[in-house]
Amino acid sequence: MVVERPAVPWSPVLAATRAPTPRAPGPDPWTGDAPSERPLDPGAEESDTGESDAAGSDAAGADAADVAARFRAGAMGAVASAYTTAHGHPVGTDLDETVGPRRWAVTARAAGLVLAVVLAVGAAVVTVAVSRGAGAPTARVAVDVPTPRASGGAVRPSATTGSTGASVATAPSGTGTSAGATILVHVVGAVRHPGLVHLDTGARLEDAVEAAGGATSSAQLDAVNLASVVADGQQVRIPRKGETAVPAASSGTSADGAATGDGGGSSKAASGTPVDLNTADAAALDALPGIGPVLAQRIVDHRTQNGPFTSVDQLDEVSGIGPALLGRLRDLVRV
Amino acid sequence: MSAGGRAPVDLRLAPAALATWLVCWWAVAAGTHAVVLAALVVPVVGAVAVVGLACVPPLLPARRGRRAPRVRPDARTSAVLAAPVALAVGAATVALAACAVQLVVRDRADLGDLAASGRVVTVEASVRDDPVPLRSAWGEDVVLASLDVTTVDDGARAWQAAAPVLVRGDPSWSVVAVGARVVVTGRLRPADPGEREVAQLVPLRAPEVQAPPHGPVAGADALRSALMDVTDDLSPQARALVPGVAVGDVTRLPDDLDTAMRTVGLTHVTAVSGGHFAIVVATLSGLCALLGLGRWARLAVLAPATAGFVLLVRPDPSVVRSAGMCAVALAGTALGRSARAVPALGASVLVLLVADPWLARAFGFVLSVAATAGIVLLAGPLARRLSAWLPRHLALVLAVPVAAQAACGPVLVLLSPAVSLWSVPANLVADPALAPATVLGVLATLLAPVWPAAAHVLAWAAGCATWWVARVATVAAGLPGASVPWTGGLLGAGLLAVATVAAGAALWNWRVLADAAGVRVPWAPGARPSLAGWSWVARGTLRACLQRPDRPAAPPEHVPPARASAPRSSSSRP
């Protein structure tokens, strides 16, 4: 912004007017030099006479000029100076005010004062940020998550609403990132040692049966889908021969139908029974409207990679499923 | 708050403000580790530099002597440079440190990692800003809403957080109120680097509002909605523009008027900007002065009114900038000192950037500061130069939009790659309506809840003022040259800046250019041209156009010979 240069034709005059400009004592970083706020009191400070230049230049003692100066310094002056300060718009001010010499030099005292203010602001910002973020510990706050052992035998996904509480309870360790995370599955029915078994994440029903001592000779293994992925907190029932094979026999609903018992039956959308996203295999998912083999496989892959779904909404994470399709599927699936 | 005649233009805070801005610009888009490292390295390097400057004898005494003529060149010249450098380094360091802390707090929210893998989360948040409706590239209606997240639940875990996210929702989001607490489920997407928000959230459902806004924000909302009710049955432009100038609500702005105002650079009218703020504060100051209030009484009126107005119109970047300058002015009043626009601008930029480094990349803030700096620093010299041709008041009135446009033009090109030839004339013609529209609109807003009938009358009167603005915008946007294509991006901005500087240089050295072109200019700068002089110019120009352009014409007798009369005779004082 250095626009006043010696090359400008009238620079001698500029230089002449520049030279006597007083530097007021006690420079203040906020306000410049003028130490007096009252425009009506020109006082000893030459730099304070700008507002009443009409009085100062032409007829210093004249009443008319005095009245004019008072008027300018009154309401209109207040309006103009407030507008100028807030917006930089030099309303009604003398043009020459804005073309004075540039002043860059900072005294150590002014610099220290400004730094102190900046430091105070910075400290306040840091304090606020830290206090707001104080509840964000690196170790996350788990909400009402029972320990896996406690929930293992008790969880029965009978509440199909997929509410937060249920979803959190079913998968406390399921989304763990380490590959060695274990899940807890309750295997009952035609196995040698029915009960709780620990399995690796992503284990299949066959692994669960093996872990439970293997199927008994009376087990009807073709009634269940041994290849299906078992989820943490799930109960799996292996039917005996002659037992009503209603759940699994229909269309490969796998352990899902077996586990819920009453909720068995076809996973076809037509049946009205929601499909469990965590236990249904690709074929069952394929049967859903709007989901083809590719999407069904992606859902299974997502489950394998990220652990079980904890809410129906997480279906949105699967590439190819958007909010619209999710809206259509919402009533047909559960977790 | 007078400004002294021939007082120095106080640029002492400018280097520190610029340094802080550069640092913040870089830091908000850089990684957290880099910022933390910089916050440790910069003060060390800076301290070495400052100590070096303070100890090493001055290398360029002549140059510094010219810049700071009143400091004795023999003593403490190095300190002259050391103190500004120390100030700039110190301010930059504080800004870096504050930014680093905020980045660390945001990182601990873990939203960035979840966004990178596109997870679905449920967040509890408070609405930070008014939802902005816009149309996406493929014609889909989208609403952008900024939320301050307080808890995150990814299905398996839940944790507390403090980080902003940007919701990209459907039109059901346009009704959420600022300050309301909402629960949202949606899929996270990465945000653009440098954005204030750590992630974008594409909601799966309409927002669940847990708690409506409360406290002062609710009061401001009540005022805003009352104004919307009062202005509902006005003419189309008034029902859109009166809420726009009064409280910055542009939801009713018709698309064609919006486009017209954008085209001719009148957008600062439709949204509440620093100018509105200044009008309100200036009006209040005038009232205080009329009532003869003392310093502290004035402070007691102005400080709450300023804060309330910020709440009412929402703390947008330009409003924050203006409020910052106002706060400096008020602090000056409290200390019994005058406040000037240049140091006030520097101080508010410095403090605001330390408080909120993301402002450094906010277009509203950049534009607001550029326009203010342009007006503060350029309008005066420009008006003085223009007063060689024009009456002083006209010169000042013309200089302000020219200065603002010169400073804002390159930034505006970044937003839309076009230049309007009618921007300055349109602003010049439309601006007189802005002050009455704002004052009447704000009065209508304040009256709307308690006395709707009177508010309606005031809003109608404000609508008359906005009619003028709308008319100017529509007419100017229809003129040829309203939108001249220009290269976009940084290249276009750079080109326009160069063109602006070149035009300014031409204006400054017009006499040299005129001499070179063989045109004799009849009057000296500062000597007001008379009507006769103008007619002589007109005749001369006509003659030159009709005959040979380079043939010099003889100056008439009544015009003072160039440079012989006292320069600036009309403005110089004893």
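Along each chain, residue indices are assigned from 1 in the same order as the chain's sequence is written. Numbering of ligands from 1 and lettering of chains from A proceed in the order in which they are written. Restriction of local features to residues with pLDDT of at least 70 applies here, the model being predicted, together with a cutoff of 80 or more for giving and counting side-chain atom pairs; totals for whole chains, interfaces and linings are based on all residues. The side-chain numbers reported here are obtained from all heavy atoms of the structure, hydrogens and water having been left aside.

A. Quick look at the overall build of chain A. Along the backbone of chain A there are 13 helices and six strands. Residue burial in chain A is summarised as follows: out of 335 residues, 47% are buried. It only takes one pair of heavy atoms within 4.5 Å for two residues to be counted as in contact. Partitioning the intrachain contacts of chain A with sequence separation of at least 6 by distance along the chain shows that 46% fall at a separation of at least 24. Only the protein chains shown count as cover for residues, and the accessible areas themselves come from Shrake-Rupley with a 1.4 Å probe. Of the roughly 14,800 Å² that chain A leaves accessible, carbon and sulfur atoms contribute 60%. Only runs of H or I of at least four residues qualify as helices and only runs of E of at least two qualify as strands under DSSP, and these elements are numbered from the N terminus. Buried residues are those whose accessible area, probed at 1.4 Å on protein chains only, stays under 20% of the maximum for their type, while exposed residues exceed 50% and partly exposed ones sit between those limits.

B. Local environment of the confidence of the model for chain A. All names here are of chain A. One confidence number per residue, pLDDT, is output by the predictor and ranges from 0 to 100. For chain A, the average pLDDT comes to 62, and 47% of its residues sit at 70 or higher. Ranking the elements of chain A by mean pLDDT puts helix α1 (residues 11-18) last with 33 and helix α5 (residues 108-133) first with 88. In this model, residues 136-179 is a region of pLDDT below 50 whose contacts with residues beyond four sequence positions or in other chains number 53 contacts. Under a pLDDT of 50 for its full length, residues 245-271 has, in the predicted model, 43 contacts with residues more than four places off or in other chains.

C. How the structure looks around the pattern of salt bridges. Residues and elements named next belong to chain B. By definition here, a salt bridge exists when the distance from a side-chain nitrogen of Lys or Arg to a carboxyl oxygen of Asp or Glu is within 4 Å. Taken as a whole, this structure holds 14 salt bridges over all chains when the rule is applied. Between D130 and R314 there is a salt bridge, with the nearest N and O atoms lying 2.8 Å from each other. Taken together, the positions of D130 in the loop between β2 (120-127) and β3 (132-135) and R314 in the loop between α11 (295-313) and α12 (317-335) put the pair 184 residues apart, joining distant regions of the chain. Residue D130 is classed as partly exposed on the basis of its relative accessible area, which comes to 22%. Of the charged contacts, one joins D232 and R239 as a salt bridge, the two residues approaching to 2.8 Å between their closest N and O atoms. Salt bridges sharing partners connect three or more residues here, namely D130, D221, R224 and R314.

D. Local environment of helix α1 (residues 14-27) of chain B. Given the number of residues in a helix, its expected span is that number minus one, multiplied by 1.5 Å. If you check α1 of chain B, its first and last C-alpha atoms are 20 Å apart, about what 14 residues at 1.5 Å a residue would give, namely 20 Å. Taken together, the buried positions of α1 of chain B are A16, A17, A19, T20, W21, V23, C24 and A27 of chain B.

E. Structural context of the sheet that holds strand β2 (residues 182-189) of chain A. Residues and elements named next belong to chain A. At least two DSSP bridges between two strands are needed for those strands to be called paired. Here three strands make up an open sheet; going across it, the order is β3-β2-β4 and the pairing mixed. Lying at the two open borders of the sheet, with one neighbouring strand each, are β3 (195-200) and β4 (234-238). Within the sheet, the average angular offset between the axes of one strand and its neighbour, ignoring direction, is 35°. Taken together, the six bridges between β2 and β3 define a ladder with antiparallel strand orientation. Counted as the bridge partner of H186 is L196 from β3. Note on geometry: axes are C-alpha line fits, over the in-contact stretch for helices, and angles between N-to-C directions span 0 to 180 degrees.

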